[in-house]
Amino acid sequence: GRTGRGVQSSWKAKLPSGVELTKRYLFEDAPGGEPESSTFADLQITFSNPTSGTVEVDGFGIGWTGGLGTVESEKKENTGVTRILAYPSPKKEVVKFKTGQHPAGYRWIGMDNRYYLLAMLPEPGQFGTIHVQKSKKNPYVVMLAAPSFVLAPGASRGFDLKIYAGPKGYTRLQKWGLGLEHAVD
């Protein structure tokens, strides 16, 4: 439904362990109030344990797979120009990842191509590892993985992140003060 900040959508599921998983997206209104032109979403993921026993949650991660779209004339080269990157490195530079596991701890982690950027901006300390995979079948996979955690009966644990999905215009990205403009070459 509509909120004062944008459009909200929620999903709930029960995991085999009995843990309830809730995902809530808030698609923020763009300047001028047009939600269809928004490029940011807030994502809240909550694990709740309504059972009478302690439950371990292992293997939780969130990410993106399949690459990013582009204009028809550049589809053949799109896989070659798609990158997985993060910012900032200790030297305040963009880090470009290859297939493998990498320590998390960046302000944002994302996938880009020539024109578009998908960036995940997690709250500090929530995710421990970045998983990156590239193959001919699957242009790219990027996932933020959380360390396993235990939920006592009645306990909950939340994960919050902001997601940017949109064009890579330097001036537009710079004005938000999130370091996203560093994805522009």
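Predicted model, so just to flag it, every value in this text is computed and none were measured.

> Where do I start with the overall build of the protein chain in this structure?
Secondary structure summary: the protein chain contains 2 helices and 14 strands in total. Relative to the globule expectation of 16 Å for 185 residues, the C-alpha radius of gyration of the protein chain, 18 Å, shows essentially globular dimensions. Oriented by its inertia axes, the alpha-carbon framework of the protein chain measures out at about 55 × 40 × 35 Å. Here the protein chain holds 185 residues, and the buried ones make up 41% of them. Within the structure as shown, the protein chain displays about 10,200 Å² of accessible surface, and the carbon and sulfur contribution to it stands at 53%. Here the protein chain carries 23 positive and 17 negative side-chain charges, and the mean point of each set is 4 Å from the other.

> Please explain the pairing of strand 11 (residues 129-133) as it appears in this structure.
The two faces of a sheet get side chains in turn, since along a regular strand they alternate between them. Burial of the side chains of strand 11 is restricted to one face: Ile-130 and Val-132 are buried, whereas none of Thr-129, His-131 and Gln-133 on the reverse face is. Judged from the 4 bridges that link them, strand 8 (residues 100-103) and strand 11 form a sheet pairing that is antiparallel. In the sheet register, Gln-101 faces strand 11, and the bridge partner there is His-131. Of the strand pairs in this sheet, strand 11 and strand 12 (residues 141-145) are connected by 5 bridges, and their pairing is antiparallel.

> Honestly, unusual backbone geometry in this entry has me stumped. Any pointers?
Among all residues except glycine, the phi angle is most often negative; among peptide bonds, the trans geometry is most common. Of note, the bond from Tyr-87 into Pro-88 is cis; its omega dihedral lies within 30 degrees of zero at -5 degrees. Topologically, Pro-88 is positioned in the loop between strand 6 (83-87) and strand 7 (95-97). We note that Lys-92 has phi near 65 degrees; this positive angle belongs to a residue other than glycine. Within the element layout of this structure, Lys-92 appears in the loop between strand 6 and strand 7. A residue is classified by how much of its surface remains accessible, and Lys-92, at 56% relative accessible area, is exposed.

> Looking at this structure, how should I read a nonpolar patch on the surface?
Taken together, the side chains of Val-71, Tyr-115 and Tyr-116 present a nonpolar region at the surface, about 250 Å² in accessible area. By the secondary structure assignment, Tyr-115 is in the loop between strand 9 (108-112) and strand 10 (116-122). Classification of Tyr-115 by relative accessible area gives partly exposed; the value is 35%.

> For this particular structure, what's the right way to read the packing of aromatic side chains?
For any pair of aromatic rings, the description consists of the separation of the ring centres together with the inter-plane angle of the planes. Under the counting rule described, the total for this entry stands at 14 aromatic pairs. Following the ring pairs from residue to residue traces out a cluster consisting of Phe-47, Phe-60, Phe-127, Phe-149 and Phe-159. Across the ring face of Phe-149, the terminal group of Arg-157 is positioned such that the distance to the ring centre comes to 4.7 Å.

> Explanation requested: the nonpolar core in the structure shown.
The tendency in soluble globular proteins is for nonpolar side chains to be buried side by side. Core analysis: the biggest nonpolar cluster contains 32 residues, and Ile-45, Phe-47, Phe-60, Phe-97, Phe-127, Ile-130 and Phe-159 have the highest contact counts within it. Ile-130 has contacts with Phe-97, Gly-100, Gln-101, His-102, Pro-103, Ala-104, Tyr-106, Ile-109, Val-142, Met-143 and Leu-144, leaving out every residue within four places of it along the chain.

> What is the right way to read the sheet that holds strand 2 (residues 20-28) from this model?
Across a sheet, paired strands are connected by hydrogen bonds in the backbone, their directions being either parallel or antiparallel. In space, the 8 strands of this open sheet follow the order 1-2-3-14-10-9-6-7, with antiparallel pairing throughout. The open sheet has two free edges, formed respectively by strand 1 (6-14) and strand 7, since each of these has just one partner strand. Adjacent strand axes in the sheet meet at a mean angle of 20 degrees when their direction is disregarded. When strand 9 meets strand 10, the two strands line up antiparallel, connected through 4 bridges. Following the sheet pairing, Met-111 is matched in strand 10 by Leu-118.

Reading the values: rules and limits
Residues numbered from 1 in each chain as written. Predicted model: local features only at pLDDT ≥ 70, side-chain atom pairs only at ≥ 80, totals over all residues. Heavy atoms only, no water. Helix = DSSP H or I, 4+ residues; strand = E, 2+ residues; numbered from the N terminus. Rg over C-alpha atoms; globule rule 2.2 N^0.38 Å. Buried < 20%, exposed > 50% of the residue type's maximum accessible area, 1.4 Å probe, protein only. Areas by Shrake-Rupley, 256 points an atom, 1.4 Å probe, with all protein chains shown as cover. Lys, Arg positive; Asp, Glu negative; His and termini not counted. Charge placed at Lys NZ, Arg CZ, Asp CG, Glu CD. Pairing = 2+ DSSP bridges. Patch = residues over 30% accessible without salt bridge, like charges linked within 9 Å, V, L, I, M, F, W, Y side chains within 5 Å. Salt bridge = Lys/Arg side-chain N within 4 Å of Asp/Glu carboxyl O. Phe/Tyr/Trp six-rings, centres within 6.5 Å; stacked < 30°, edge-to-face > 60°. Lys NZ or Arg CZ within 6 Å of the ring centre and 35° of its normal. Core = buried A, V, L, I, M, F, W, Y, C linked by side-chain atoms within 4.5 Å. Contact = heavy atoms within 4.5 Å. Axes fitted to C-alpha atoms, helices over the stretch in contact; angles between N-to-C directions.

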